[in-house]
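Inside the fold
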Amino acid sequence: MIVKTVTITQKKYPLYFGFNALRIYCTKAGKSLKELDQIGQNMDLNDAVCLIWSGLKDGARKTKKDFNLSVDDLSDEFDSDMDAIGRCLEVFSEFQSKQVGKSGKLKAGAKK
């Protein structure tokens, strides 16, 4: 899987939803590994913003770019560009479809 670029309020950010991003999300949102099977189902706004923030943070790490946005800062960015939430979650769906097998469970060793 490759790092995608998303535009939020006319700024470009690297976005990546690998296992490290999911780890960051679990820590930030207080989710367990078992709950990852249901990620994206009945997701509330906090979960969505935390998930996107985690993907942006990991995208910056993978591309060796600075990342200084807090979750609150990201939420403020979405105030000015609400369509960006959908664009980011669309990228998450692409990553998830590559990491999930026919059973609907996360593949161990999903190819990058």
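Residues numbered from 1 in each chain as written. Predicted model: local features only at pLDDT ≥ 70, side-chain atom pairs only at ≥ 80, totals over all residues. Heavy atoms only, no water.

1. A look at the overall build of the protein
Of regular secondary structure, the protein possesses 4 helices and 2 strands. Beginning at the N terminus, the succession of helices and strands in the protein can be written as β-β-α-α-α-α. Each of the 112 residues in the protein was classed as buried or not, and the buried ones make up 40%. The contacts of the protein with a sequence gap of at least 6 include a subset with a gap of at least 24, amounting to 65%. A total of about 6,900 Å² of accessible surface is found on the protein, and carbon and sulfur atoms cover 49% of it. (Helix = DSSP H or I, 4+ residues; strand = E, 2+ residues; numbered from the N terminus. Buried < 20%, exposed > 50% of the residue type's maximum accessible area, 1.4 Å probe, protein only. Contact = heavy atoms within 4.5 Å. Areas by Shrake-Rupley, 256 points an atom, 1.4 Å probe, with all protein chains shown as cover.)

2. What to know about the side chain of Glu-77
Mapped onto the elements of the fold, Glu-77 is located in helix H3 (residues 71-80). Judged by its relative accessible area of 15%, Glu-77 falls in the buried class. Here Thr-9 takes part through its side chain, which lies 2.2 Å from a polar atom of the side chain of Glu-77. Other than its neighbours up to four places away in sequence, Glu-77 contacts Ile-8, Thr-9, Lys-11 and Tyr-13. (Polar contact = N/O pair within 3.5 Å; in protein donor to acceptor, adjacent residues only side chain to side chain.)

3. Focus on the pattern of salt bridges
This model, assessed by the stated rule, comprises 5 salt bridges. The salt bridge involving Lys-31 is made with Asp-47; its shortest N-O contact spans 3.3 Å. One end of the pair, Lys-31, is in the loop between helix H1 (19-29) and helix H2 (45-62); the other, Asp-47, is in helix H2, and 16 residues separate them in sequence. Asp-47 sits in the buried class, given a relative accessible area of 9%. For Arg-87, the salt bridge goes to Asp-81, with nearest N and O atoms at 2.7 Å. Overall, the relative accessible area of 34% leaves Arg-87 in the partly exposed class. (Salt bridge = Lys/Arg side-chain N within 4 Å of Asp/Glu carboxyl O.)

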